Amino acid sequence: MKLLRTLTAAVAGLIAGAGFATAQTWQPLKHQPNFGGVGAMLLLTDGTVLVHREPLNAEHWHKLTPDIHGNYVNGTWSQVASLPGGYGPFFFGSAVLSDGRVVIEGGEFINGQQVWSTQGAIYDPLKDQWTSIQPPSGWNFIGDATAMVLPDGTLMQNDCCDLPPMAALLDAKTLTWTPTGMGKFDSYQKEGMTLLPSGKVLDVDCYEMMYQRDGMNSEVYDPSTGAWSSAGNTVAQLWNSAANCGGEKKSNHEIGAAVLRPDGTVFATGANSCAGGHTAIYDSKTGTWAAGPDFPNNLNIADGPAALEINGKVIMMASPGFRKPPSTFFEWDGSRLTKIPGPPNAPYDSSFPGHLLELPSGQLLFTDLTEDVEVFTPRGTYSKAWKPTVTSSPHALTRGKSYVIHGTQFNGLSQGAMYNDDFQDATNYPLVRIVNLTTKHVFYCRTHDHSTMAVATGSEPVSTHFDVPAHMETGRSNLYVVANGIPSAPVAVTVQ
């Protein structure tokens, strides 16, 4: 089987050729990692990708750096600092903060043992250093509960398993917590959170520890009040209650991801032990739900990734039951659910080990807990209306200096990718890319201290800081602000 996977990947690479793949293709990295168990990924604000080794040796992190042309297929690997001693989590909350640091919280497993940990740590890319974070006072669990950065830049972290349910807000400067999340209907276990254009947060309930065979409640969290309220009936049941094939004894309460699209709708995917999984569509403008198409052939997403492509479609990974291969990939374009080709390991994977991450190249990075890492290039492109717009920028840049850039829609129209509770890799923050006009070489400036972490901000003025790399090439260049893989129009700059 391993030989078959290797041959399949090799053939895919020959077809795609060098450099970026052609439309709607999967392409293996030219330099695959020399460590097994490639799992969770987060896009750092300097354009590199922080990658977690899991499930074993889970204290280790690595970094994928694109080549000098900005090509991730030809990228190279390096190892970064390991987590504090004894903290090797598998399944955890994760986020990139507004200041460019990375936070991970909890862990269903620690060094292979199921413990529902309350440990946490914050990573500073400039110092290449992890620092431990104390959990909120009185918490018994964090486990694999979801983390999310709210529009004001505050991290919201959920507690996986307590009733009454608990959540807290992290002050990233003092590393202290404030309780939030009053009025939550059920526990946060199994559930994910989707940031809406209004700044509120959508969550589909999974009825963990309070089974209702036909439960279809959803909720919204309002950061201004710190409280949850009902977002209505999802119409199609999304969590797996096994209502028609065993009921509570057979239910695992699993659910799929829910991704915000540029038109303001959220495409939510479901799990179902009894038949094909359901989907549902939430209209964030009207606050109403409608049933979407069912997955064919008893396929569903009981834990699995989904992500927004730059063309506005949602790509997702489904399989016939919880942790059962093979996997099948689909795209949702707003009206149709269409099967598309999958990566080489699709016949051997369920949806469960899959991870998708939006890259600033407009592609998606895919991992599945093996040593095979793939890049997906979607067909089609973005609407001009979705692009970030630069309204004010310095035109003379000095290497090693920091600058502020202003404009609109720097955070994209969506968080981008989603998995639910086991890890999060939202990319709703701006990157700054500079391309030298003589050499065509690509450099990413580290961004930080964004004015907002909201999505779909429209004509609202926004800004970010960016640091010009000390090693980058001088001369006439083009600068782009990139959000969710979509670049702004070029701005002429001179690097000196």
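Preceding block: the structure.
Residues numbered from 1 in each chain as written. Predicted model: local features only at pLDDT ≥ 70, side-chain atom pairs only at ≥ 80, totals over all residues. Heavy atoms only, no water.

## A short note on the sheet that holds strand β8 (residues 102-105)
Thought 1: The strand order across the open sheet formed by four strands is β7-β8-β11-β12, and the pairing between neighbours is antiparallel. Across the chains shown, the open sheet's two edge strands, defined by having one partner strand only, are β7 (93-96) and β12 (129-132). Taken pair by pair, the neighbouring strands of this sheet meet at an average axis angle of 15°, ignoring direction.
Thought 2: As defined by bridge partners, β7 adjoins β8 across four bridges and the pair is classed as antiparallel. Among the inter-strand pairings, G93 is bridged to a residue of β8, identified as E105. (Pairing = 2+ DSSP bridges. Helix = DSSP H or I, 4+ residues; strand = E, 2+ residues; numbered from the N terminus. Axes fitted to C-alpha atoms, helices over the stretch in contact; angles between N-to-C directions.)

## A word on the state of the cysteines
Thought 1: According to the stated counting rule, one finds two disulfides in the structure shown.
Thought 2: Covalently, C160 is tied to C161 through a disulfide, its sulfur atoms 2.0 Å apart. Residues C160 and C161 share a disulfide whose torsion about the S-S bond is about -100°; that sign makes it left-handed. Both residues of the pair, C160 and C161, count as buried.
Thought 3: Covalently, C245 is tied to C274 through a disulfide, its sulfur atoms 2.0 Å apart. The S-S bond linking C245 to C274 shows a torsion near -80°; that makes this disulfide left-handed. On the criterion of sequence distance, the pair formed by C245 in the loop between β20 (227-233) and β21 (258-260) and C274 in the loop between β22 (265-269) and β23 (279-283) is long-range, its members being 29 residues apart.
Thought 4: For C274, a relative accessible area of 27% translates into the label partly exposed.
Thought 5: Sequence-ordered numbering of the disulfide-bonded cysteines in the protein gives the connectivity 1-2, 3-4. (Disulfide = S-S within 2.5 Å. Buried < 20%, exposed > 50% of the residue type's maximum accessible area, 1.4 Å probe, protein only.)

## Some words on the nonpolar core
Thought 1: If you look at the biggest cluster of nonpolar residues, it comprises 59 residues, and the most contacted ones within it are V49, W61, V102, W130, L155 and L365.
Thought 2: The dominant element in this core, judged by the number of residues it contributes, is strand β2 (residues 38-43), at five residues.
Thought 3: Ignoring sequence-local partners within four residues, the contact set of V102 consists of L42, L44, L50, A95, V96, A121, I122, Y123 and W130.
Thought 4: L202, W239, L260 and F330 belong to the second largest nonpolar core, which has 43 residues in total. (Core = buried A, V, L, I, M, F, W, Y, C linked by side-chain atoms within 4.5 Å. Contact = heavy atoms within 4.5 Å.)

## So, the environment of V96
Thought 1: Looking at where V96 falls in the secondary structure, it is placed in strand β7.
Thought 2: By relative accessible area, V96 is classed as buried at 4%.
Thought 3: Other than its neighbours up to four places away in sequence, V96 contacts L42, L43, T45, R101, V102, V149, Y429 and M453.

All quantities given are derived from atomic positions and should not be read as evidence of function.
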